[in-house]
Amino acid sequence: MLRVGSVVLGVADVARATAFWTEALGYVPREGMRDDWVVLVPTGEGVQVALMRTGTPVQEHPRVHLDLYARDAEEQAAEIERLLALGGQRVDWDSYPQDPDFVVLADTEGNRFCVIDTSHG
């Protein structure tokens, strides 16, 4: 049976994206970073995240994105502030439902991701 080995994000600047995602997730490069590619691995459990240089424009409403889980609303708020301090950006998301359990952010490359309050009813 197949399994997910890595989630690959397209980026314009591999070094800048590596700096963001290693701090955001506590991951480390599996081996040396190249100008066009790096694989980041967790120090514990979790799926690998690879960063690949691409010229493809960022999708405003991507078909695939990362969901990052927080225990509760307090942790969610703290993590959002930490990610913003690392260079992440708030996204003016036009598709929020009423009373959402998630906040949409973008990394330094514009890739959208969500920070989820997993305790939300």
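Criteria and cut-off values
- Residues numbered from 1 in each chain as written.
- Predicted model: local features only at pLDDT ≥ 70, side-chain atom pairs only at ≥ 80, totals over all residues.
- Heavy atoms only, no water.
- 1 Å grid on protein atoms, 1.4 Å probe; cavity = no way out; pocket = protein on both sides within 12 Å on 5 of 7 lines; lining within 4 Å.
- Points joined across faces, edges and corners; volume = space filled by probe spheres on them.
- Helix = DSSP H or I, 4+ residues; strand = E, 2+ residues; numbered from the N terminus.
- Nonpolar A, V, L, I, M, F, W, Y, C, P; charged D, E, K, R; others polar.
- Buried < 20%, exposed > 50% of the residue type's maximum accessible area, 1.4 Å probe, protein only.
- Contact = heavy atoms within 4.5 Å.
- Pairing = 2+ DSSP bridges.
- Axes fitted to C-alpha atoms, helices over the stretch in contact; angles between N-to-C directions.

Caption draft 1: Fine view of the layout of surface pockets. Reported here for the largest pocket is a volume of approximately 450 Å³. Around the largest pocket, the lining comprises 20 residues; the ones closest to its centre are Leu9, Gly10, Pro57, Gln59 and Asn111. If one sorts the elements of the lining of the largest pocket by residue count, strand 1 (residues 6-11) sits on top with 5 residues. Empty space within the second largest pocket amounts to approximately 170 Å³. Around the second largest pocket, the lining residues are Ala24, Leu25, Asp67, Leu68, Tyr69, Ala70, Glu79, Arg82, Leu83 and Val115. Every element with two or more residues in the lining of the second largest pocket is listed here: helix 1 (14-25), strand 5 (66-70) and helix 2 (73-85). Ranked by residue count, the leading element in the lining of the second largest pocket is strand 5, at 4 residues. Looking at the lining of the second largest pocket, its residues break down into 7 nonpolar, no polar and 3 charged.

Caption draft 2: Representation of the environment of Thr22 in the model. In this structure, Thr22 sits in helix 1. Among the residues examined, Thr22 registers a relative accessible area of 16% and is labelled buried. Sequence separation between Thr22 and Val115 is 93 residues, and the spatial gap between their C-alpha atoms is 16 Å. Contact partners of Thr22, with chain neighbours within four places excluded, come to Tyr27, Pro29 and Leu40.

Caption draft 3: Region of the structure containing the sheet that holds strand 2 (residues 28-29). Reading across from one edge, 1-4-3-2 is the order of the 4 strands in this open sheet, with mixed pairing throughout. A single partner strand is all that each edge strand has here, and the edge strands are strand 1 and strand 2. With 2 bridges joining them, strand 2 and strand 3 (residues 37-41) adopt antiparallel strand pairing. Considered in strand 3, the bridge of Val28 is made with Val41. Set on the sheet, helix 1 makes contact with strand 1, strand 2, strand 3 and strand 4 (48-53); between it and strand 4 the angle comes to about 165 degrees.

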